[in-house]
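Chain residues, written in single-letter form:
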Amino acid sequence: MDFGHYEPLNNVERCLLLFVFLVAVTYVYTEIKAWHIILYPLYRNISQFISAGMSTVQDYRSGKYYKPWTYITPVVIVSTKKQIAELSEAACLSQRAVYADMFGFKHTMDKLEHNTSDHKVIRTRLYSRVLQVMGPDHLNALYPYLLTRLKSNLDEQFRRGFISKGCISLPIAQTARQVASSLMGLMFFGEALASNDEFSNALLRYPQDIVNCMAAFQIAPSFLSPLMHAIITKRGRSMSLIQSRLFEHLSSQPSTWEEPEHTKQRTILYNMANLAKGSDYWNASLLAQSLLGIWFAASHQPWMNLHFIILEISVRKDWQTALRQELEQASPLDYNRLEQLPLLDSFIKETVRFNPLDKLAIRRKAMESYTFSDRSVLVPAGATVCVSAYDQMHNPQAYPEPDSFNPSRYFANADATQSRFTDVSEYFPVWGYGSLACPGRFHASLVIKMVLSQLLLKYEMRLEDEKARTRWSWETFTMPYESTRVIFKQLM
Ligand code: HEM
């Protein structure tokens, strides 16, 4: 074959070739457009999947965890005072259902019936009388016993700490959890029950079990929840132990309890039993179950807040000095003096405002679709409706320069009455709002203040590793690292 001979194309052939080329391009273009329609969603899903994966890894590395792969029920936010009041009280917006879903109460709180609002008023009235109305007087009377218990518990924690260069290093999450649980144990059940090793270990274990279950239930399909609960909680060991001890007590006469009278009559256990006497609704088993629920409400948030307050104090030497001076001037400290200290109260309040444990507050689940009375918001059935605690507590009208940490903001204006940590307000929705607002806030405040005052009066505090990350987040929740350590240097 002779490939050497090449005859150039004439004009007709050129036009023909151009025509074929254009037809081919048009064909390929239209075909690719059709493929594009088919391939685009796939391409889009893959690229979205990859970018979600990358941002999940990035978030994970910076201490942020969540469940990017599951469907989240819609969250509706309300913000005016009127809406917040209505949110707190509306009958078909259930407080119990939202927490029951979140923490899996069906498993973690002994089959607690949650999707009803039956007897809500009876329960709330009892909790409010025992904790909110009678609480401060009982706390005042218990104060000396609480102080003795706290001092011996702190001594034990410090004995267990690492000693380095004359200072003591403590894992601050575990320390805060243990001392808060020990004080709360006395407030709830009295010295005898709270000092029983088996019972106090169960009290410490139970809230941790619930939080671990909450994380596990969110990740895995719901039919696996009973199995996961059984594995995580060792078949509900702590829950059963607490309930059976409480049931024994509540089924017997308080006069037979081991606890001395002067502390017994101030405990939550005694007063719940006493006020529920003769009721058609309450019985020993229901009281034991409710106390289990209140124990969870009471034991988890105080130590977490205490932990973050100790971290804030540890990085603020000037505030340590100011708070110590205030405490020394108030000597001898008793319940009322401790509760009245403006700097201590403000420091706590500012830390909680600045780093809320949950960015959302006053969560309610709509049991049926609900329209707010001013027709401003429609909540679909099954949705969660709540307040953005973060936005309320960073509102510049209520908190000028909200992004600066400034405890003095609560007492700077000499004419105004001080805004206190335990005050319930739409701009401080940490305690909830209205008739369901936390009735145990005086107990929480006392635990936090007692621990801080004892630490401040004896030690200078600093973080062991100032560069280490100290908090991580799960969805809207902020959580502490178990590994964070604080160095305590005894004052001369
Ligand atoms: C810093 C610690 C605490 C925080 C931030 C806190 C916060 C809350 C919140 C936000 C609610 C729900 C309010 C609502 O949804 O409207 C609540 C309810 C409740 N809290 Fe607390 N709480 C704390 C400590 C305590 C303590 C120490 C006790 C008991 C001594 C306690 C007992 C209760 C009870 C019984 C309820 C349910 C009230 C009801 O349903 O009627 N809490 N708490």
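Here, the structure is the one placed above.
Reading the values: rules and limits
- Residues numbered from 1 in each chain as written.
- Predicted model: local features only at pLDDT ≥ 70, side-chain atom pairs only at ≥ 80, totals over all residues.
- Helix = DSSP H or I, 4+ residues; strand = E, 2+ residues; numbered from the N terminus.
- Contact = placed C-beta atoms within 7 Å.
- Axes fitted to C-alpha atoms, helices over the stretch in contact; angles between N-to-C directions.
- Parallel < 35°, antiparallel > 145°, perpendicular 65-115°, else oblique.
- Left-handed = near helix turned anticlockwise from the far one by under 90°.
- Nonpolar A, V, L, I, M, F, W, Y, C, P; charged D, E, K, R; others polar.

> Whenever I open this one, unusual backbone geometry confuses me. Can you help?
Negative phi is the rule for most residues except glycine; trans is the rule for most peptide bonds. For the bond running from S331 to P332, omega is -5°, close enough to zero to count as cis. The residue P332 is located in the loop between α15 (317–329) and α16 (335–340) in this model. In this structure, K165 is a non-glycine residue whose phi angle is positive, near 50°. As for its position among the elements, K165 is in the loop between β4 (162–164) and β5 (167–171).

> Mind showing me how you'd approach the environment of S182 here?
Checked against the element boundaries, S182 lands in helix α7 (residues 172–189). Along the chain, S182 and S200 lie 18 residues apart, while their C-alpha atoms are 7.6 Å from each other. The residues contacting S182, other than those within four sequence positions of it, are R149 and N153.

> Help me out: how do you make sense of the packing of α7 against helix α14 (residues 284–314) in this one?
Angle between the axes and distance between the axes are the two parameters that describe a pair of packed helices. For the pair α7 and α14, the least separation of the axes is 8 Å and the interaxial angle reads 140°. When the axis of α7 is compared with that of α14, the two are oblique. The interaxial crossing formed by α7 with α14 has right-handed handedness. Listed contacts from α14 to I172, A173, A176, R177, A180, S181, M184 and F188 of α7 are W295, A298, S299, P302, W303, L306, H307 and I310. Broken down by class, the residue content of the contact of α7 with α14 amounts to 12 nonpolar, 3 polar and 1 charged.

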